[in-house]
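# Coordinate inspection notes
Spelled out from the first residue to the last, the chains are:
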Amino acid sequence: MTDTISMNTESEENAALNTSFQDHLDLLDSAPFWWKDMKRKAFESYCTLPAPARNHENWRFAKIKGLQPESIDFSAIPSISDAQSLVNRSNLVSKRSAQFVFADNQTIQTEKLSPELEAKGVIFATFKQALAKEPEILRGFFMKQGIDLGSEKFAALHTAFVENGVILYVPKGVEIEDPFVVYNWAASSKIPTLPHTLVIAEEFAKVSVIEAQFSADEETANYSVGVNHIFAGVGSKVSHTLLQDYNEESIGFQINSNEAAKDSLVKTLTVNVGCRRYRTETHGQIMGAGAHVEMLSLVAADADQEIDQRTLQSHNAPHTTSELLFKNTLADKAKTIFSGLIKVSEDAQLTDAYQTNRNLLLSNTAEANSLPGLEILANDVKCSHGATTSQIDPEEIFYMNARGIDKAHAHELIVYGFFEEIIERIDCEELADNVRQLIQTKFKKKLS
């Protein structure tokens with residue numbers, strides 16, 4: 001039986017989206033009731049939540065027009081003609097624990113866990129697999145971290161239509177050295193990409209995850225709304241690295257959050273080089289004494305790209321630390337926005353938190369906006385924030401020109417040095433080398 005969802009407008013766009021949602025629900029006959037009910041409520045929220053507005057602090061400086069999923073068919077059935085080619089291109093890391101490759105939300109490659117990890121109780125599964133075999137774990141953690149940095153409407157859209165994310169569960173005391181890897185390829189202009197990575201590390205577990213979001217080609221405009229949530233138990237260590245290189249015709253959102261329990265260590269590192277417009281939100285929630293959270297990011301933007309970064313470091317327990325370092329380079333008419341807040345509750349005495357945003361302008365027409373902030377309710381803390389925006393020193397260019405290096409390649413070398421502070425903190429050296437190659441490839445396209 002088809003459920004009816006009331007719409008707050010009678011527009012053709014909303015009517016088409018409502019039809020797509022009904023089609024989506026009709027394909028979930030075997031899914032648990034709670035999964036379908038959650039999706040119904042999320043779709044209702046999407047329809048009733050207001051669209052982003054420039055007068056909202058969380059959307060300050062951002063372009064608002066064109067963010068809605070126009071001409072996107074959320075019920076379209078993917079037809080992937082080059083699946084093996086995409087699998088072959090999913091080669092960032094050769095040594096890994098297991099891997100999933102998705103294209104337009106469909107699984108095109110599955111690498112199973114080793115018998116040893118299975119015996120220890122590790123779960124690495126798609127949502128479809130988890131709904132069939134481990135529904136209670138998924139129910140206990142899926143979308144259980146609040147969305148509070150401005151993209152609530154897009155998070156509701158994601159929840160309503162997501163079908164094939166990844167859940168990684170690591171039991172108490174299990175330490176895994178080799179990373180788990182997830183690829184999400186966007187191939188069609190009509191089908192939205194909805195990547196979702198959910199990581200649950202129990203007490204004293206150790207795990208790392210590498211996630212890649214790529215376009216299948218350079219011309220097809222894609223629309224992506226991604227989510228990753230990390231739950232780090234007492235004394236656990238979790239590392240998550242995300243590489244985003246959608247083509248520059250695409251629009252993307254990425255909503256990240258992590259919850260760090262007592263004495264845990266969480267490190268998130270994001271590399272953003274793609275998308276015409278891309279918004280990323282990262283919330284580090286430090287919930288237990290002795291926890292430490294690192295939030296690292298680099299952006300290489302050119303042409304007319306707009307990369308919008310919103311962050312929150314929430315300290316809710318005493319004796320906790322956090323470090324944020326976001327570095328951006330901007331060429332041509334590129335634009336970046338960084339808006340970050342360190343928030344310390346009354347109970348979070350002896351907090352030690354840092355927030356730094358550094359922008360390097362490679363042209364006179366690039367624009368970098370920085371809005372760092374502090375909200376401190378405790379009286380015994382050490383917190384600082386800072387932002388710098390600068391251009392390349394002409395003397396550096398002159399020095400390189402005198403040695404036969406032209407201006408464009410001089411900019412390239414300076415950018416490599418600027419980003420190395422972030423890249424050298426990637427745990428996997430093979431991945432770090434591939435990140436360097438990713439940046440080099442972007443410059444080669446620009447110079448060609």
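As the structure is a computational prediction, the values presented were derived from the model and not from experiment.

Right, let's talk about the confidence of the model for the protein for a bit. Residue-level pLDDT values for the protein average 93, and 96% of them are 70 or greater. Note on residues 1–10: pLDDT is under 50 here. Beyond four places in sequence and across chains, it has 20 contacts.

The subject of this paragraph is the pairing of strand S1 (residues 98–103). Of all the six residues making up S1, six are buried; the element is thus mostly covered by neighbouring parts of the structure. With burial as the criterion, each face of S1 is covered, one bearing Ala98, Phe100 and Phe102 and the other bearing Gln99, Val101 and Ala103. Sheet topology note: the S1/strand S5 (residues 180–186) ladder contains six bridges and is parallel. Along S5, the bridge assignment pairs Ala98 with Phe180. For S1 and strand S2 (residues 106–111), the ladder comprises five bridges, and the chain directions are antiparallel. Within the sheet, the bridge partner assigned to Ala103 lies in S2 and is Gln106. Taking the residues that link successive antiparallel strands as the turn, the S1-S2 hairpin has two residues, and the phi of Asp104 there is positive, at about 50°.

We now examine the packing of helix H2 (residues 33–48) against helix H7 (residues 152–161). H7 packs onto H2 with a crossing angle of 145° between their chain directions and a minimal axis gap of 8 Å. In this structure, H2 meets H7 at a crossing whose hand is left-handed. Only Lys153, Ala156, Leu157, Thr159, Ala160 and Phe161 of H7 make contact with H2, whose side of the interface consists of Met38, Lys39, Ala42, Phe43, Ser45, Tyr46 and Cys47. For the contact of H2 with H7, the per-class residue count stands at nine nonpolar, two polar and two charged.

Attention shifts here to the sheet that holds strand S18 (residues 367–376). One open sheet holds the nine strands; their spatial order is S3-S4-S6-S8-S10-S12-S14-S16-S18, and the pairing between them is mixed. Across the chains shown, the open sheet's two edge strands, defined by having one partner strand only, are strand S3 (123–126) and S18. With strand direction ignored, the average angle separating the axes of adjacent strands in the sheet is 5°. Alignment of strand S6 (residues 196–201) against strand S8 (residues 223–232), held across six bridges, turns out to be parallel. When the sheet's bridge partners are listed, Leu198 is paired in S8 with His229. Together, S6, S8 and strand S10 (251–260) form the strand contacts of H7, whose direction differs from that of S8 by roughly 90°.

The rules behind each value
Residues numbered from 1 in each chain as written. Predicted model: local features only at pLDDT ≥ 70, side-chain atom pairs only at ≥ 80, totals over all residues. Heavy atoms only, no water. pLDDT = per-residue confidence, 0-100. Contact = heavy atoms within 4.5 Å. Buried < 20%, exposed > 50% of the residue type's maximum accessible area, 1.4 Å probe, protein only. Helix = DSSP H or I, 4+ residues; strand = E, 2+ residues; numbered from the N terminus. Pairing = 2+ DSSP bridges. Axes fitted to C-alpha atoms, helices over the stretch in contact; angles between N-to-C directions. Left-handed = near helix turned anticlockwise from the far one by under 90°. Nonpolar A, V, L, I, M, F, W, Y, C, P; charged D, E, K, R; others polar.

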